[in-house]
Amino acid sequence: MSSFEGVLVSDPWLQSQFTQVQLRTLKSKYVSVRTQSGRVTVGDMPALFSRLKAFIDVFSENDISAMLQESTSNMDEEIDFESFLRAYLNLHGRASIKSKSSGKKLAGSSSFLKASTTTFHHNINESEKNSYVQHINKHLGEDKFLKDYLPIDPSTNALFDLIKDGVLLCKLINVAVPNTIDERAINTKKSLNPWERNENHTLCLNSAKAIGCTVVNIGTQDLVESRPHLVLGLISQIVKIQLLADVNLKNTPELVELIDDNEEVEELRNLAPEKVLLKWMNFHLKKAGYTKQVTNFSSDVKDGEAYAYLLTALAPELSTPDSLQDMDPKERANMVIEQAEKLECSKYLTPSDIVEGSANLNLAFVAEIFQHRNGLTATDTTKVSYAEMMEDDDQTSREERCFRLWINSLGIPTHCNNVFEDVRNGWILLEVLDKVSPGSVNWKLATKPPIKMPFRKVENCNQVIQIGKDMHFSLVNVAGNDIVQGNKKLIIAYLWQLMRFSMLQLLRNLRSHSSEGKEITDADILQWANEKVKKSGKTSQMESFKDKNLATGVFFLELLSAVEPRVVNWEVCRAGETDEDKKMNATYIISVARKLGCSIFLLPEDIMEVNQKMILILTASIMYWSLHRKHGGGYHAYAAPTTAPEEHAEEVADEDVATDETEETS
């Protein structure tokens, strides 16, 4: 196997600011100081940073010391590696500004660390912005808090100003997936301080991950600054999730009409919503006599013909022969939109958007048509019954959802639509393993999809099993073929152990300098939680992660209050004596944990039913946040400056030949 071992950072945004070459170099500097002194303090950084190539001609040791003292007067304060990296980014931002003003090029400056020159290169799609503003005005116009700020004028940048306090995006997430965020956890004062705004943005990003958004390269600072291209990208994902919510067999069983026999039910069930929407569209187009196949929401619909045929099939009473005749694409597109409006479809796009092939807006448009008139009847009760029978039980469905969202939150190249189907060729699991344990996968022995030869899938999955055994997973009598065959019980068991390994590894790495890398056990997490609550003056304790008393939610409310006293509003908490009280507490607990910074994917039912696995992950996540902050990781003093670097789109592909930009000068 490869001997390369990457440097992992728990904050995905922070990880994205550096190449592995830079991370390894900075890590070696950090470890060197820690080895000599036993710890790294703020006071150690001026001497260290002043010798780095990036700062040597820009700042003196005294300059760096003075800048650090702007954030903290305690130079003896211990910091962890992530705070060290944030301090580096902060100084680099200032160095870039100083060098630019003096007309000098910053030494050791890479393309992706020049925020001042890259931030303004992102053009935003005004048509998309206008559509999303209309969507927000429509769905949040009556919100008690936001109604004072809505409607937003799409011709201005008022949207980006409103984003800055974090409330709008939190509310929009709840529109897309109701009850994702407990609104009691949102800071909704008219005037929020920076800490409260940051909490809202943290809650937003962790909740966005929990509904399936990809937020790997978006940080709270991006939302504080309301970077237009990142904000619109996030809004686009949230709106898409809302519009596609019913494009599945569970919510629209009539979709079985798209298939010919029961054998295709599983295939349809595992398709991504966008693929189902295309299948639905082509189903009606074929019936209407349209001979082409639509494979995307861009070039294939630019001439408007597919839309004309689709609306003729779905609403013949509104269609006119003219829409199918030869005419200018712009004219046809205009007629299509007029017909869609008669179906009361929201106007997500203009004729120009159709002609120009705007993929996001065309997808939204088709989804809107589907919601208002899908043209399906599903008279074949046999196929409907079979589809319902194929649905997983509630517990299995919840676990599949949790692991799918966790996998997608890691930022691996391949998106997971359905865990039980997508892991069967082994590739996604290998990507996850390489993310969780860099260097563990031998990619020379792996085969990338599409995989035609069945034995190649088995080879991938055999490597997955072997790596699991190397990580000391419990895999007795388990073989790669069990994954290939889609054994749901074994897949869930493997993913649970992988998620647990990842969480415990984060905790172990965080405590490594103070406990000599001692392994973290479930018992350590349990003991920490109980001691934390006890020290806060509360009396509740948990006997184990399956303690039925946890269902009330009181223990976790007290634990969250113990790690951050001001974050729990006890006035809105319940005693947990009734099922309604338990649900209210559980919903609040999840939102408060995400507001602190915990990336968790459990549901209120997992707390109410005391799901042992999810209870362990919740407790471990709170523990990680608490220890991370204790070691300086959560301290805002070392956050990136307002000229925060862009994600490195131009990262050097071959790390072995990349220039070490943080190398000390001789």
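Just so you know, these numbers come straight off a predicted model, no measurement behind them.

(A) Spatial organisation of the overall build of the protein chain. The helix and strand inventory of the protein chain stands at 30 helices and zero strands. Across the 666 residues that make up the protein chain, the buried fraction comes to 53%. At a minimum sequence separation of 6, the contacts of the protein chain that also span at least 24 residues come to 66%.

(B) Region of interest: the environment of glutamate 400. Along the chain, the position of glutamate 400 falls in helix H20 (residues 394-409). Residues glutamate 400 and lysine 488, 88 residues apart in the sequence, show an inter-C-alpha distance of 9.2 Å. When residues no more than four places from it in sequence are discounted, the contact partners of glutamate 400 are Asn417, Asn418, Val419, Phe420 and Ile492. Separated by 2.9 Å, the side chain of glutamate 400 and the backbone nitrogen of valine 419 make a polar contact.

(C) Geometry of H20. Helix length check: H20 (16 residues) gives 22 Å between terminal C-alpha atoms against 22 Å at 1.5 Å per residue, within 8%. With respect to burial, H20 is a largely interior element, twelve of its 16 residues being buried. Listing the buried residues of H20 in full gives Thr396, Arg398, Glu399, Glu400, Arg401, Cys402, Phe403, Leu405, Trp406, Ile407, Asn408 and Ser409. Of the residues one or two after H20, glycine 411 is the one with positive phi, at around 80 degrees.

(D) Summary view of the nonpolar core. Judged by nonpolar contacts, the single largest core of 170 residues is most densely connected at Leu159, Leu234, Ile235, Leu277, Trp280, Met281 and Leu507. In terms of residue count, the dominant contributor to this core is helix H25 (residues 488-515) (twelve residues). Setting aside anything within four residues of it in sequence, one finds methionine 281 in contact with Val294, Val301, Ala306, Tyr307, Leu310 and Val366. Ranked by size, the runner-up nonpolar core spans 31 residues in total, among them Leu14, Val42, Ala54 and Leu91.

(E) Spotlight on unusual backbone geometry. Between leucine 150 and proline 151 the backbone carries a cis peptide bond, its omega angle lying at 0 degrees. Mapped onto the secondary structure, proline 151 falls in the loop between helix H7 (126-140) and helix H8 (158-163). Residue proline 450 is reached from proline 449 by a cis peptide bond, and omega for that bond is 0 degrees. Relative to the helices and strands, proline 450 is located in the loop between helix H22 (427-436) and helix H23 (454-470). One non-glycine residue with positive phi stands out, namely glutamate 344, at about 70 degrees. Its location among the elements puts glutamate 344 in the loop between helix H16 (329-342) and helix H17 (351-356). For valine 610, which is not glycine, the phi dihedral falls at a positive 50 degrees. Residue position: valine 610 is located in the loop between helix H29 (604-608) and helix H30 (612-630). A relative accessible area of 7% places valine 610 in the buried class.

(F) Looking closely at the environment of tryptophan 570. Following the sequence through the fold, tryptophan 570 ends up in the loop between helix H27 (554-563) and helix H28 (579-596). On the accessibility criterion, tryptophan 570 (35% relative accessible area) is partly exposed. Between the C-alpha atoms of tryptophan 570 and leucine 557, which are 13 residues apart in sequence, the distance is 8.6 Å.

(G) Here's a closer look at the side chain of asparagine 362. Counting through the fold element by element, asparagine 362 comes out in helix H18 (residues 359-372). Polar contacts involving the side chain of asparagine 362 include one to the side chain of tyrosine 307, which spans 2.6 Å. Not counting the four nearest positions on each side in its chain, asparagine 362 is found in contact with Phe297, Val301, Tyr307, Leu349, Asp353, Ile354 and Gly357.

(H) Spatial organisation of the packing of aromatic side chains. Scanning the entire structure with this criterion turns up 16 aromatic pairs. Arranged with centres 6.1 Å apart and planes meeting at 70 degrees, the rings of phenylalanine 473 and phenylalanine 501 form a pair that is edge-to-face. Residue phenylalanine 473 is found in the loop between H23 and helix H24 (480-484), and its partner phenylalanine 501 is found in helix H25; the two are separated by 28 residues along the sequence. One exposure class covers both phenylalanine 473 and phenylalanine 501, and it is buried. Members of the aromatic cluster, joined through ring pairs, are Tyr30, Phe49, Phe55, Phe59, Phe81, Phe84 and Tyr88. Geometry around phenylalanine 81 places lysine 27 over its ring, the cationic atom sitting 4.5 Å from the centre. Between lysine 538 and the ring centre of tryptophan 570, over which it is positioned, the NZ or CZ distance is 5.2 Å.

(I) Region of the structure containing the environment of glutamate 305. For glutamate 305, the position within the fold is in helix H15 (residues 305-314). Sequence separation between glutamate 305 and proline 329 is 24 residues; the distance between their C-alpha atoms is 8.1 Å. Discounting chain neighbours no more than four positions away, the residues touching glutamate 305 are Tyr290, Lys292 and Arg332.

What counts, and at which threshold
- Residues numbered from 1 in each chain as written.
- Predicted model: local features only at pLDDT ≥ 70, side-chain atom pairs only at ≥ 80, totals over all residues.
- Heavy atoms only, no water.
- Helix = DSSP H or I, 4+ residues; strand = E, 2+ residues; numbered from the N terminus.
- Buried < 20%, exposed > 50% of the residue type's maximum accessible area, 1.4 Å probe, protein only.
- Contact = heavy atoms within 4.5 Å.
- Polar contact = N/O pair within 3.5 Å; in protein donor to acceptor, adjacent residues only side chain to side chain.
- Expected span 1.5 Å × (residues − 1).
- Core = buried A, V, L, I, M, F, W, Y, C linked by side-chain atoms within 4.5 Å.
- Phe/Tyr/Trp six-rings, centres within 6.5 Å; stacked < 30°, edge-to-face > 60°.
- Lys NZ or Arg CZ within 6 Å of the ring centre and 35° of its normal.

All we've got here are geometric facts, nothing functional implied.
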